[in-house]
Structures are given as structure tokens and as C-alpha cells.
Amino acid sequence: MNDRITPPAEAPRGPVDSSRVPRYAGPATFARLPRVDEVARTEVAVVGVPFDTGVSYRPGARFGGNAIREASRLLRPYNPAQDASPFALAQVADAGDIAVNPFDIDEAVETVQHEAGRLLDSGARLMTLGGDHTIALPLLRAVAERHGPVALLHFDAHLDTWDTYFGAAYTHGTPFRRAVEEGILDTSALSHVGTRGPLYGKQDLTDDAKMGFGIVTAADVMRRGTDEITDQLRQRIGDRPLYVSVDIDVLDPAHAPGTGTPEAGGLTSRELLEILRGLADCHLVSADLVEVAPAYDHAEITAVAASHTAYELTTLMTRRIAAERDAG
Ligand SMILES: N=C(N)NCCCC(=O)O
Ligand SMILES: [Zn+2]
Ligand SMILES: [Zn+2]
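Predicted, not measured: the structure shown is a model, and the values here were computed from it.

### Section: the overall build of the chain
For step 1, the next point in the chain: Looking only at helices and strands, one finds ten helices and eight strands in the chain.
For step 2, the next point in the chain: The C-alpha atoms of the chain give a radius of gyration of 18 Å, which matches the 20 Å a tight globule of 328 residues would have.
For step 3, the next point in the chain: In terms of principal-axis extent, the alpha carbons of the chain reach across some 55 × 40 × 35 Å.
For step 4, the next point in the chain: Residue burial in the chain is summarised as follows: out of 328 residues, 55% are buried.
For step 5, the next point in the chain: Partitioning the intrachain contacts of the chain with sequence separation of at least 6 by distance along the chain shows that 78% fall at a separation of at least 24.
For step 6, the next point in the chain: Counting every atom, the chain has about 13,500 Å² of accessible surface; 52% of that belongs to carbon and sulfur.
For step 7, the next point in the chain: Averaging the locations of the 31 positively and 47 negatively charged side chains of the chain gives two centres separated by 4 Å.

In C-alpha cells, the structure reads:
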């Protein structure tokens, strides 16, 4: 399929060449890509949100973005699983971090919405590296302001459609209930993938279904396999503008120990990557990857899985950009 793709007018600036400059040398931008200020125009902005004031258990996701950037030094420019060279198809660049107030969740949520909006207005799609899952709400707001209500594909051990914790509305367990209440999601195409583990009560599931979510549990992925699951998800999504939110705790703690609310019985990293690859041709407008907490990680297991997850998502976005360019 790649040979049919029109190259961009100006060749994108790619990663530092790891056969000339050792990959462990120099500053860690995502995949050793240039910073946004080093390129004329950014089509996919990788941006960090070092914020974890919304967590209900272990803190530490504020360090997630930089841990993913460090682990991403080993990524290479050609992605055989999607037969694409993502960084040649479109300009991907690292936009650094959004500086958010760690002491005031409401203000942090506003800052993320505003700064994400500025990046989107510059013409970029976002690959956001969290941070805890609270940040999905302002990211969805920013995306919906520009695309209208979006389809949501949510990979997570948790529903994250709970109402409040300690009376707080903006937490990492509540972003998607807020998003449904605000009308920024297309409720005909909402899916959780990888959920498992104990809930507060059966009502959690009833409430979630009322909001419009379909659920593919971690056990469903194991029983039915990734191809069948991907077909089902693609049918549900169609060509709607799609936002993908990946909470790294969707992976089994064996594949992602470095996270704040781990649950046994999760997806393998192979299953997650394979489902994502199956979303080629979807109208992916932006994505986030959250809840990497490096203090609980070992040997970068979680950060490596996260870097590959962001790589697949970035590949999907650049392929879509190239296809849109081809279509004129
Ligand atoms: N979004 C994540 N990772 N976790 C939500 C867990 C909410 C709870 O403590 O019940
Ligand atoms: Zn979770
Ligand atoms: Zn979550």
C-alpha cells in the first residue's frame, strides 16, 4: 500500500540516525525526533502532560512521559507490522510538556484543554503522553471543539466512568462519565477494551452501559482473539472521527508493572499492539497514553511497552494523514 502514497511536498525531518549517533546519546525526545521548534510544521505532536494529582492510589504518573521518551530511543524508523515509515509519511515532532499546576486539578484541566487546543489549531494531531487518566477529559474537550463529538476507543483495566471520589469530579476514575455528560463523545461508538477486576457494585456496569459504552473484557480478548475483536471494533467505529485513549494498566501487571492501579489478568503487550494495528484506515484524530508510573517499573518493562504503543498509534495517524493527502 505504501507505493501508492504521495510523499509530502517537503520531506519530514526524521529521527536522529542511530547508526551515526549512538541511540543512548543526547536528549530524549520521543523516538529521537526533532522538537516542534526545529521543524516548519508539525502534523503529529507528541506532547507530555506531567500531572498525577487525580490518582486514587499510587502516584507517580507525572514521570510517565519522560520515561516513555527514554524508552523510545530504541524505536526504529520502519514499522513492518503496518508496512509504513511513520516519520517519513508526515512530520512527527516532540512538543515537550504542558506545564500544569500540580496543586489545583481544576486549573490543570483548563490548562491541558487550552494548550492541547493550541497544538490542534496549529494543524497537529496529538499523541499525548500522561500523566494520569484525568487528562483524557480536557484532551477530549479540545478535540471535540474542533471535530464535534468523537468516537472513543478506551483501553483500560478500569471503566473510568465512575461519578466522584471524595466528592471530586475530576479524577483519573471519572473522565469518561464527565465527557458523556458534556456531550463531547459520539455515544453510538464508545468501547472499553481490556476491562477486568473488582468493581464497587454491579451498578457500575449498568451505569456504564446507559452511557452507551460497549465492553470487550480482557477475557473476551483471550477467548475470541485479536482479529475478531478488531473487526468488531472497526465496524462500530466506521469512519467517525476517533479518539483512542490507552491506560497502560490495560496490560497485565506482568507486561506493565509500572502503573498506579494494577489489576491481574490483563492483555499482553502483543495483544494490545495487534488490536491497534488493526485500526488502520480509521479516522484517528488524536490519542493519549496514560498511567505509566516509572517508580513501580522494572527494567523499563512498562516504558518499553508504552513506547511501542505510542509508535503504533503514531503510525496509524501518519498513515491516515498520508491517505488524506493522497485523496487530495
Ligand atoms: N484510571 C485508572 N488507572 N484507575 C482508576 C481506578 C479508580 C479506583 O481507584 O477505583
Ligand atoms: Zn486503569
Ligand atoms: Zn484509566
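What follows continues from the structure just given.
### Here's the deal with a nonpolar patch on the surface
For step 1, the next point in the chain: A surface patch of nonpolar side chains, about 200 Å² in accessible area, is lined by Leu-199, Leu-205 and Ile-215.
For step 2, the next point in the chain: On the secondary structure map, Leu-199 appears in the loop between strand 5 (185-195) and helix 6 (203-210).
For step 3, the next point in the chain: Relative accessible area serves as the criterion here: at 34%, Leu-199 is assigned to the partly exposed category.

### What about the nonpolar core?
For step 1, the next point in the chain: Judged by nonpolar contacts, the single largest core of 49 residues is most densely connected at Met-127, Leu-153, Phe-155, Val-244, Leu-289 and Leu-313.
For step 2, the next point in the chain: Ranked by the residues each element gives to this core, the list is headed by helix 10 (residues 301-327), at eight residues.
For step 3, the next point in the chain: If sequence neighbours within four positions are ignored, Phe-155 has contacts with Val-193, Val-244, Ser-245, Val-246, Asp-247, Val-250, Leu-272, Ile-275 and Leu-276.

### Digging into the coordination of the zinc ion (ligand 2)
For step 1, the next point in the chain: Around the zinc ion (ligand 2), the protein contributes the donor atoms Asp-156 (OD), His-158 (ND1), Asp-247 (OD), Asp-249 (OD) and Asp-249 (OD), at 2.1 to 2.5 Å from the metal centre.
For step 2, the next point in the chain: What the six donor atoms of the zinc ion (ligand 2) show is an angle range of 56 to 163 degrees at the metal, which sorts the shape as irregular.
For step 3, the next point in the chain: As a motif over one chain, the donors of the zinc ion (ligand 2) read D-x1-H-x88-D-x1-D.

### Some remarks on the pairing of strand 6 (residues 213-217)
For step 1, the next point in the chain: Sheet topology places strand 5 next to strand 6; five bridges connect them, and they run parallel. In the sheet register, Leu-190 faces strand 6, and the bridge partner there is Phe-213.
For step 2, the next point in the chain: In this view, the connection linking strand 5 to its parallel neighbour strand 6 by way of helix 6 has right-handed handedness.

### Points about the packing of helix 3 (residues 105-121) against helix 4 (residues 136-147)
For step 1, the next point in the chain: Where helix 3 contacts helix 4, the axes come no closer than 8 Å and their chain directions differ by 40 degrees. Between helix 3 and helix 4, the angle is such that the two are oblique. Note that helix 3 runs across helix 4; the crossing there is right-handed. Contacts between helix 3 and helix 4 involve Val-109, Val-112, Gln-113, Ala-116, Gly-117, Leu-120 and Asp-121 on the former and, on the latter, Pro-138, Leu-139, Arg-141, Ala-142, Val-143, Glu-145 and Arg-146.
For step 2, the next point in the chain: Residue classes in the contact of helix 3 with helix 4 are distributed as eight nonpolar, two polar and four charged.

Conventions we followed
Residues numbered from 1 in each chain as written. Chains lettered and ligands numbered in written order. Predicted model: local features only at pLDDT ≥ 70, side-chain atom pairs only at ≥ 80, totals over all residues. Heavy atoms only, no water. Helix = DSSP H or I, 4+ residues; strand = E, 2+ residues; numbered from the N terminus. Rg over C-alpha atoms; globule rule 2.2 N^0.38 Å. Buried < 20%, exposed > 50% of the residue type's maximum accessible area, 1.4 Å probe, protein only. Contact = heavy atoms within 4.5 Å. Areas by Shrake-Rupley, 256 points an atom, 1.4 Å probe, with all protein chains shown as cover. Lys, Arg positive; Asp, Glu negative; His and termini not counted. Charge placed at Lys NZ, Arg CZ, Asp CG, Glu CD. Patch = residues over 30% accessible without salt bridge, like charges linked within 9 Å, V, L, I, M, F, W, Y side chains within 5 Å. Salt bridge = Lys/Arg side-chain N within 4 Å of Asp/Glu carboxyl O. Core = buried A, V, L, I, M, F, W, Y, C linked by side-chain atoms within 4.5 Å. Donors = N, O, S within 2.8 Å, 3.2 Å for Na, K, Ca; no water. Tetrahedral: all angles 85-135°; square planar, octahedral: opposite > 155°, others 65-115°. Pairing = 2+ DSSP bridges. Right-handed = clockwise from strand over helix to strand, strands pointing away. Axes fitted to C-alpha atoms, helices over the stretch in contact; angles between N-to-C directions. Parallel < 35°, antiparallel > 145°, perpendicular 65-115°, else oblique. Left-handed = near helix turned anticlockwise from the far one by under 90°. Nonpolar A, V, L, I, M, F, W, Y, C, P; charged D, E, K, R; others polar.

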